[in-house]
Amino acid sequence: MKITRRSLLGTLTSGAVAGVFGLPNLTLAQAKQVQAGIVVKIGGIPWFNAMEMGIKKESQALKANAWMIGPTQADAAQQVRAIEDLIARKVDVIGVVPNDAAALEPVLGKAKAAGIKVISHESPNQKNNDWDFELTTVEAYGEQHMDLLAKEMKEEGKYIVYVGSLTVPLHNAWADAAIAYQKKKYPKMEMLGDRFGVAESLDDSIKTTQDQLRAHPDLKGILTFGSQGPIGAAKVLDDRGKAKSIVLVGGFSPGQGIKYVKSGVIRGGYIWNPLIAGQVFVQLATLLAAGKEITDGMELVEVGPVKVFPDKRLIQAQKLESLDKENIQRLADLGL
């Protein structure tokens, strides 16, 4: 099934008229506008600013009322409070990009008990959701980053790993995949210590990089999962003239890291487009609010066909962008 904006609009209005919402006498003019609140990890950083652009863009296209809530800190407690507020407002759909999947389980259970549909992103094993959607697989994302790190390190030397926090499931799953892949394919590389949960904070990423350079003068690589990790590490490597001797690889917002890619401080990385993720939130919210089935092979706008795993409540796409010198300007020009 190919999903277009026209078909989504038709789904919502005709579904309402036909009684999808349990009100068979609705006219088109009375069709209920979808109300969807999307709670992200933290507000005010480029990644989620871009996601908000996508939410607004698709909301306008689909005539939905969807909005983003960005906590002031990457804090699960703030996300819980935001979701509690959305439950009280009796929205149709709640979307969430969790900071701590386990911490959100009880409040998402309350949302479902209230008849609210729940969509998660970047949390493929989230409990108490209806669906999670991902724009890459765990294995592909982790392994592609490790391949790039290994290539730039000439397949040998010591490296460290950053994740957004130790409670962000997807970041840690990517790290697990990358590390396991390294051990199997690149035996001359060695990970130092354990991963550091700092990559959603610019300040923490800077401080950790400074500390690790002091602790490990033979460090050859930094692999980071979390949008602020590459930026904080790049600032330190640039300031200390270490960009040529230490390889830095990871995903980040293109507009924030473009100067470091062009100068060679960041060697590259991969992202999915958060603007598109914002659009997908609204598309799925529209479908679920209308009571429509999510089916394998369905095509989402801007994404294409997806694989659907009902047993995992997972909608899986594969759409990555390369953060290299050839592609970075195009992505930055999109406002990412």
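Residues numbered from 1 in each chain as written. Predicted model: local features only at pLDDT ≥ 70, side-chain atom pairs only at ≥ 80, totals over all residues. Heavy atoms only, no water.

Peer 1: Looking at this structure, how should I read empty space enclosed by the protein?
Peer 2: Where empty space is left in the structure can be found by rolling a water-sized probe over the atoms. Following the criterion strictly, the structure yields one cavity of 30 Å³ or more and no others. Lining the largest cavity are 14 residues; nearest its centre among them are Trp47, His171, Trp174, Gly226 and Ser227. Residue composition of the lining of the largest cavity, by class: seven nonpolar, four polar and three charged. (1 Å grid on protein atoms, 1.4 Å probe; cavity = no way out; pocket = protein on both sides within 12 Å on 5 of 7 lines; lining within 4 Å. Points joined across faces, edges and corners; volume = space filled by probe spheres on them. Nonpolar A, V, L, I, M, F, W, Y, C, P; charged D, E, K, R; others polar.)

Peer 1: Would you explain the sheet that holds strand β2 (residues 65-69) in this entry?
Peer 2: Strand-to-strand pairing in sheets goes through backbone hydrogen bonds, with the strands running parallel or antiparallel. As summarised here, the arrangement of the seven strands in space is β2-β1-β3-β4-β5-β15-β14, forming an open sheet in which the pairing is mixed. The open sheet has two free edges, formed respectively by β2 and β14 (307-309), since each of these has just one partner strand. Geometrically, the sheet is characterised by an average inter-axis angle of 20° between neighbouring strands, direction not taken into account. Note: strand β5 (residues 131-134) against strand β15 (residues 314-316), three bridges, orientation parallel. (Pairing = 2+ DSSP bridges. Helix = DSSP H or I, 4+ residues; strand = E, 2+ residues; numbered from the N terminus. Axes fitted to C-alpha atoms, helices over the stretch in contact; angles between N-to-C directions.)

Peer 1: I'm lost on the pairing of strand β6 (residues 157-163) in this one. Help?
Peer 2: Consecutive side chains of a regular strand alternate in pointing toward one face of the sheet and then the other. Within β6, five of the seven residues are buried, which leaves it mostly tucked inside the rest of the structure. Note: β6 against strand β7 (residues 189-191), three bridges, orientation parallel. Following the sheet pairing, Gly157 is matched in β7 by Met189. Remark: the β6/helix α6 (residues 169-185)/β7 crossover connection has right-handed handedness. For β6 and strand β9 (residues 219-224), the ladder comprises five bridges, and the chain directions are parallel. Bridge pairing in β9 places Lys158 opposite Leu219. (Buried < 20%, exposed > 50% of the residue type's maximum accessible area, 1.4 Å probe, protein only. Right-handed = clockwise from strand over helix to strand, strands pointing away.)

Peer 1: In this structure, what is going on with the packing of aromatic side chains? I would like to understand it.
Peer 2: One pass over the structure, following the stated rule, counts nine aromatic pairs. Site record: aromatic cluster; members linked through ring pairs are Trp47, Tyr141, Trp174, Phe225 and Trp272. A cation over a ring is seen here: Lys312 above Phe309, with NZ or CZ 5.5 Å from the ring centre. (Phe/Tyr/Trp six-rings, centres within 6.5 Å; stacked < 30°, edge-to-face > 60°. Lys NZ or Arg CZ within 6 Å of the ring centre and 35° of its normal.)

Peer 1: Just checking my understanding: could you explain the pairing of strand β10 (residues 247-250) for this structure?
Peer 2: Side chains Val247 and Val249 of β10 all project onto a buried face; the interleaved residues Leu248 and Gly250 project onto the opposite face, where all are buried too. As paired strands, β9 and β10 are joined by four bridges and run parallel to one another. Its bridge partner being in β10, Thr224 is matched across the sheet by Gly250. Taking the sense of rotation as the criterion, the β-α-β connection linking β9, helix α8 (residues 229-239) and β10 turns out right-handed.

Peer 1: Sorry if this is basic, but what is going on with the packing of α8 against helix α9 (residues 254-263) here?
Peer 2: For any two helices packed against each other, one specifies the crossing angle of their axes together with the interaxial distance. At a minimum axis distance of 10 Å, the contact between α8 and α9 shows a crossing angle of 30°. Viewed along their axes, α8 and α9 adopt a mutual orientation that is roughly parallel. In this structure, α8 meets α9 at a crossing whose hand is left-handed. Where α8 approaches α9, its residues Ile231, Ala234, Lys235 and Asp238 are matched on the opposing element by Gln256, Gly257 and Tyr260. Tallied by class, the residues present in the contact of α8 with α9 amount to three nonpolar, two polar and two charged. (Parallel < 35°, antiparallel > 145°, perpendicular 65-115°, else oblique. Left-handed = near helix turned anticlockwise from the far one by under 90°. Contact = heavy atoms within 4.5 Å.)

Peer 1: So what exactly am I meant to see when it comes to the layout of surface pockets here?
Peer 2: Quantified by volume, the largest pocket comes out at close to 280 Å³. Along the wall of the largest pocket there are 15 residues; nearest its centre are Pro124, Val138, Lys312, Leu314 and Gln316. Secondary structure elements with two or more residues in the lining of the largest pocket: α5 (138-152), α6 and β15. For the lining of the largest pocket, the residue count by class is six nonpolar, five polar and four charged.

Peer 1: Sorry if this is basic, but what is going on with the pattern of salt bridges here?
Peer 2: When charged atoms on two side chains of opposite charge get close, those side chains can pair. This model, assessed by the stated rule, comprises 13 salt bridges. Measuring nitrogen to oxygen at the nearest pair gives 3.1 Å for the salt bridge that ties Lys41 to Glu122. Within this pair, whereas Lys41 is found in the loop between β1 (35-39) and α2 (46-62), its partner Glu122 is found in the loop between β4 (117-121) and β5, the two being separated by 81 residues in sequence. Classification of Glu122 as buried rests on a relative accessible area of 4%. Between Lys207 and Asp211 there is a salt bridge, with the nearest N and O atoms lying 3.0 Å from each other. Of the two residues, Lys207 and Asp211 are both situated in helix α7 (residues 202-215); the distance of four residues between them amounts to about one turn of the helix. Taking relative accessible area as the criterion, Asp211 reaches 26% and is therefore assigned partly exposed. Where salt bridges share partners, they join Lys41, Glu122 and Glu200 into one cluster. (Salt bridge = Lys/Arg side-chain N within 4 Å of Asp/Glu carboxyl O.)

Any functional reading would require information that these geometric values do not contain.
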